[in-house]
Amino acid sequence: MHIPVFILAGLLVHCVFLVSIFDIYFSSPLVHGMTPQQTPLPPPAKRLVLFVADGLRADSLYELNSNDTPQAPYLRGILENNGSWGISHTRVPTESRPGHVALIAGFYEDVSAVAKGWKENPVEFDSVFNESKYTWSWGSPDILPMFAKGATGDHVYTFCYAAESEDFGAQDAAKLDTWVFDHVKDFFNSSRSNQTLFSALNEEKVVLFLHLLGIDTNGHAHRPNSREYKENIKKVDEGVKEIASMIDNFYGNDGKTAFILTSDHGMTDWGSHGAGHPSETLTPLIAWGAGVNYPQKVTSQFFEDNFLKEWKLENLKRLDVNQADIAPLMASLIGVPFPLNSVGTLPLEYLNNSAHFKAESIFTNAVQILEQFKVKMSQKKETTLSFLFTPFKPLSDSEQINFLKKTRLYIQQQKYNEAVSLCKMLINLALEGLSYYHTYDRLFLGLSIAVGFVGWTTYVILVIIKTHTNLTKTVQTNNKESTVLFYGFAFVGMIIAFFLLIQTCPWTYYVYCLLPVPVWYAVVRELPVIQDLATNLLSRHIRQSIGFLLVCALGIEILVFSFFYRSTLTIGLLVFAGWPVITQLWVQAKTTALIWTLLCVLLAIFPLMPVVGREPNVPLVIATGLLTLLFSCFSLASLCKSENKYRNNEELKVHFYQMLSIALSTYVVSSTHDSLKNKQGLPVLNQMISWMTLVSSSVLPLLSPTFLFQRLFSILLSLMSTYLLLSTGYEALFPLVLSGLMFVWINMEQKALQHYGLSLKPKLAVFNFAYATDITQFRQLHLDDVRRSFFFVFFIVTAFFGTGNIASVNSFDPASVYCFLTVFSPFVMGGLLLLKVVIPFVLVSCAFEAVQVTTQLSSKSLFLIVLVISDIMALHFFFLVKDYGSWLDIGTSISHYVLVMSLTIFMMLMNGLAQLLTTKRLELPRRTKHHST
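Described below are features of the structure shown in this document. All values reported here derive from a predicted model rather than from experimental measurement.

### Concerning the packing of aromatic side chains
Then step 1. Following the criterion strictly, the structure yields 58 aromatic pairs and no others.
Then step 2. Grouped by ring-pair contacts, the aromatic residues Tyr134, Trp136, Trp138, Tyr157, Phe159, Phe187, Phe188, Phe198, Phe250 and Tyr251 constitute a single cluster.
Then step 3. The ring of Tyr108 has Arg91 sitting right over it, with the charged end atom 3.9 Å from the ring centre.
Then step 4. In this arrangement the basic side chain of Arg318 is found over the ring face of Phe303, its NZ or CZ atom lying 3.8 Å from the centre.

The following block contains the structure:
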């Protein structure tokens, strides 16, 4: 196969493997075509006021201050005297959009919403707002429009402030909440002189939604334990008090208003959210007003956590719910149909109503979830051949009818408790059944992908052995046999396609099921090579081969482990430190071996450090900047000392400019930090310097000479100036130590080659990248090259996990991008954080490029070995993906698989980028180039 065709095929195969995970595990659970279900009895409330304090943790609201006074006096008074309270348990991802969808529409959003930045509707859905007569909402432009957009007709109104207001560097984010409260007051005042609005407000089934973003913004900017975060809670408490009394007065205290205060997600101590830490998933829920139960006094209650004691609320009944249960609660209070896709169970203990009303409400809830189950079942039945269809046994048609009849009978006989428990059982079964049909094709698709995976990896191994080693003789292929093979595989492909066609499967299924056919055809065609290889290995050194395979397997397992436990990388690096001793390399080059060992040990410290962003340490970033300047001064001195033929003024200019860039970055980090600390926002000059540094850092290395160490040092300086701007703590040192190790690695590999007597290359100091690609004399692969490739994959994984586990969404720390922008913009911020992750990758990739070139290997052969290693890792993670258990486990398992798959696709791109960065040179105009020949 030609190289471009092979790379294209590789990219295609990996993209299919990557996308498949979302189809197999995370397709949208929503179904359409259900009948709306409504409780037949009159509701207790005419209107509902929903306060969502974005980013408010349960403990931050409920806990007492050091002097035993509550954080939020008004709300504390409500839960002690007027209403019911508890903890609402959210699900991962703990982001604003999925949290609001769970609260207001009653279902947990699927992962497909990630691509939309949690802002737009990937799928249309029903919500409490849509079912209401009128909804008025005030707050953030990121949240409100999605519920108005999904609503039918024109009855959901939104009032938003400008997106620019969401500024992490602003004086005080609490003004976002003040804006909401002021606008609600103005709205009610204006309604007195607007007859249409006044009568609309006096209708039944009205919802008022106040989205309060200040707490979340202050939490990101100052952390949840800060004075700003706590004062913001006080302001929200005062605002809620004012709004509640104003609304009561407006309606003449008619006792027909229900109030609910909750949050979409919490926040970690270091000011981030997205994963499944309890501080992110535990949010407060306080309900009071029409139809809501009064506080229930209890002598003892048992919860696994110790919060009740800490909050001094042991004697008030705590009623915990899942976040999606709040949607049916709101629907029940104002008597609107339950949202069609809701999977929440009505929390009956919050209702202050007759047993009859409770039984009817939960019966409506059960029928509404059963409706979804029926639609899902009929969809699956239509797309599966009847003899292959296995229904969900516990809820067969007869069972469903039986459940509904029994419940109806119990309600008629006024046996309400029995009716309620039967309904709860039916809800649980229907939810199980929904999940059963949702994951119906999983095993079949998973097997198809796994077969394709194994086939692809086998094929790459065969290509390596056939073209880059001398383990096999060239074997002539028999034309007749290959024709038979081709038709055989084509026939199998047609049978699979026909089978899928009968079942009217989606087009993606064709891709997953047909992909293994051409892949295995390519493998089977190489059967003579496999036979030849087997005889060759068996005749030669069977024990050596087995030993080698075992070492390979162990190495890959260590890499897989490092995704779960970062400290595994430390163990690996300490083993690397002893590599010169094990292989007797240190005898040849004592100094180099000593520096190698020292740097390995230094780098091994990083995976043991806490994840980045937990404790910012700006002085350390500044110190790193100065250290980098010191190194570049040494480099400049040695450059000036070197013979004249290696330098000219242009090169010195580039070097000076890069040093200036490092100095400026160090200054910007320091002054931006001070400015934000004093709440003066991000200075415009700093912002301009940051963006200019970012742009120039990609061009400057291309102006430097292409001699090996000069070019690599130039790449390091340029990337370092950008990395400093994105650093908040110890991670600033990471690229410096990593690239130091990379420089020594290049030297060590040269020594290893001479050690094995494979090469005597010219001195590395005068080695030039520009002429390296002309080498026609590539050598064959040696067993030691597998170790080289393994080192590369190990360093890439270290580059990724060295400063933190980015496999968890909550490593997102906006503080990293404050030198560039402070106004919330998920895609720009995400892009900059991605760049921060990529910089160590680029350093490792450029070093690997240097290793390939200096060890006389074609980049393709080493790259193929790397491909095999990462594919075997990906296969591990494919089987480790899960969609059950704690939400943190689920999130981590997906991100691991996506990471390894992206890593493979990414390494193909990195390979190209490294070649460009090391070999290309831009010429400045009107200067002649002085080159040594």
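Read on for the rest.
### A short note on the sheet that holds strand 5 (residues 206–212)
Then step 1. Strand order in this open sheet of eight strands is 4-3-5-1-6-7-2-8, and the pairing throughout is mixed. In the strand order of this sheet, the two ends are held by strand 4 (156–160) and strand 8 (321–322), each with one partner.
Then step 2. Here strand 2 (residues 84–89) pairs with strand 8 via two bridges, running parallel. Residue Ser88 lies in a different strand from strand 8, and its bridge partner there is Val321.

### Overview of the pattern of salt bridges
Then step 1. Per the stated rule, a full pass over the model turns up 18 salt bridges.
Then step 2. Where Asp305 meets Arg318, a salt bridge forms, and the shortest distance between an N and an O atom there is 3.0 Å. With a gap of 13 residues between them, Asp305 in the loop between strand 7 (282–289) and helix 12 (307–311) and Arg318 in the loop between helix 12 and strand 8 connect regions that are remote in the sequence.
Then step 3. Classification of Asp305 as partly exposed rests on a relative accessible area of 26%.
Then step 4. For Arg318, a relative accessible area of 4% puts it in the buried group.
Then step 5. With its nearest N and O atoms 2.7 Å apart, the salt bridge here joins Arg788 to Glu749. Note that Arg788 is positioned in helix 33 (residues 783–801) and Glu749 in helix 31 (residues 734–755), a separation of 39 residues in sequence.
Then step 6. Its relative accessible area of 1% is what places Arg788 among the buried residues.

### Topic: unusual backbone geometry
Then step 1. The phi angle at Asn253 is positive, at roughly 45°, despite the residue not being glycine.
Then step 2. One can find Asn253 in the loop between helix 10 (227–250) and strand 6 (257–262).
Then step 3. Residue Gln414 is not a glycine yet carries a positive backbone phi of 60°.
Then step 4. On the secondary structure map, Gln414 appears in the loop between helix 15 (397–412) and helix 16 (416–438).
Then step 5. Residue class for Gln414 comes out exposed when judged on its relative accessible area of 58%.

### Section: the packing of helix 29 (residues 684–699) against helix 30 (residues 708–725)
Then step 1. Relative orientation of the contacting elements helix 29 and helix 30 amounts to 150°, with a least axis distance of 8 Å. One way to sum up the angle between helix 29 and helix 30 is to call them roughly antiparallel. Between helix 29 and helix 30 lies a crossing of left-handed hand. Of the residues in helix 30, those in contact with Ser690, Thr693, Leu694 and Ser697 of helix 29 are Ser718, Ser721, Thr722 and Leu725.
Then step 2. Of the residues that constitute the contact of helix 29 with helix 30, the class distribution is two nonpolar, six polar and no charged.

### A look at the pairing of strand 7
Then step 1. Of all the eight residues making up strand 7, seven are buried; the element is thus mostly covered by neighbouring parts of the structure.
Then step 2. With six bridges connecting them, strand 2 and strand 7 associate as antiparallel partners. Within strand 7, the residue paired with His89 across the bridge is Leu282.
Then step 3. Sheet analysis places strand 6 next to strand 7, joined by five bridges and oriented antiparallel. Note that in strand 7 the partner of Ile260 across the bridge is Ala287.

### Topic: helix 21 (residues 527–539)
For the α-helix, the turn length of 3.6 residues means that residues three or four positions removed from each other point alike.
Then step 1. The end-to-end C-alpha distance of helix 21, which contains 13 residues, comes to 18 Å, matching closely the 18 Å that a straight helix rising 1.5 Å per residue would cover.
Then step 2. Along helix 21, the positions that sit buried rather than exposed are Val529, Asp532, Leu533 and Asn536. Buried residues of helix 21 fall within an arc of 100° about the axis and therefore sit on the same side. When the buried face of helix 21 is taken as reference, the exposed residues oriented beyond 90 degrees from it are Gln531, Thr535 and Leu538.

### What about the nonpolar core?
Then step 1. In terms of nonpolar packing, the biggest core is built from 142 residues, with Phe576, Trp596, Leu712, Trp745, Phe795, Met873 and Tyr897 touching the most fellow members.
Then step 2. Per-element accounting of this core gives the leading share, 16 residues, to helix 34 (residues 826–854).
Then step 3. Counting residues in each nonpolar core, the second largest holds 67 residues, with Leu50, Ile369, Cys423 and Leu429 among its members.

### What to know about the environment of Leu409
Then step 1. Within the element layout of this structure, Leu409 appears in helix 15.
Then step 2. For Leu409, a relative accessible area of 44% corresponds to the partly exposed category.
Then step 3. When the C-alpha positions of Leu409 and Ala419 are compared, they lie 8.4 Å apart, and in sequence the two are 10 residues distant.

### Quick word on the side chain of Ser661
Then step 1. Here Ser661 shows up in helix 28 (residues 649–677).
Then step 2. Exposure remark for Ser661: the relative accessible area of 8% places this residue in the buried category.
Then step 3. Sequence-distant contacts of Ser661, defined by excluding residues within four places in its chain, comprise Thr693 and Ser721.

### Overview of helix 34
Then step 1. The first and last C-alpha atoms of helix 34 sit 42 Å apart over 29 residues, in line with the 42 Å expected at 1.5 Å per residue.
Then step 2. Considering bend angle alone, the principal kink of helix 34 is centred on Val838 and spans about 30°; proline Pro840 follows within four residues of it.
Then step 3. Most of helix 34 is tucked away, with 22 of its 29 residues classed as buried.
Then step 4. One or two steps after helix 34, the chain reaches Gln856, where phi turns positive at roughly 55°.

### Quick notes on the side chain of Arg47
Then step 1. Tracing the chain through its elements places Arg47 in strand 1 (residues 47–53).
Then step 2. If sequence neighbours within four positions are ignored, Arg47 has contacts with Val206, Tyr251, Asp254, Lys256, Thr257, Ala258 and Ile334.

### Let's talk about the packing of helix 17 (residues 442–468) against helix 20 (residues 516–525)
Then step 1. The N-to-C vectors of helix 17 and helix 20 enclose an angle of 30°; their axes lie 9 Å apart at closest approach. Regarding the angle of helix 17 to helix 20, the classification is roughly parallel. Handedness of the helix 17/helix 20 crossing: left-handed. Seen from helix 17, the contacting residues are Ser448, Val451, Gly452, Val454, Gly455, Trp456, Thr458, Tyr459 and Leu462; seen from helix 20, they are Pro516, Val519, Trp520, Ala522 and Val523.

Cut-offs applied
- Residues numbered from 1 in each chain as written.
- Predicted model: local features only at pLDDT ≥ 70, side-chain atom pairs only at ≥ 80, totals over all residues.
- Heavy atoms only, no water.
- Phe/Tyr/Trp six-rings, centres within 6.5 Å; stacked < 30°, edge-to-face > 60°.
- Lys NZ or Arg CZ within 6 Å of the ring centre and 35° of its normal.
- Pairing = 2+ DSSP bridges.
- Helix = DSSP H or I, 4+ residues; strand = E, 2+ residues; numbered from the N terminus.
- Salt bridge = Lys/Arg side-chain N within 4 Å of Asp/Glu carboxyl O.
- Buried < 20%, exposed > 50% of the residue type's maximum accessible area, 1.4 Å probe, protein only.
- Axes fitted to C-alpha atoms, helices over the stretch in contact; angles between N-to-C directions.
- Parallel < 35°, antiparallel > 145°, perpendicular 65-115°, else oblique.
- Left-handed = near helix turned anticlockwise from the far one by under 90°.
- Contact = heavy atoms within 4.5 Å.
- Nonpolar A, V, L, I, M, F, W, Y, C, P; charged D, E, K, R; others polar.
- Expected span 1.5 Å × (residues − 1).
- Arc of directions from axis to C-beta.
- Core = buried A, V, L, I, M, F, W, Y, C linked by side-chain atoms within 4.5 Å.
- Bend = angle between axes of the 7 residues up to and from the residue.

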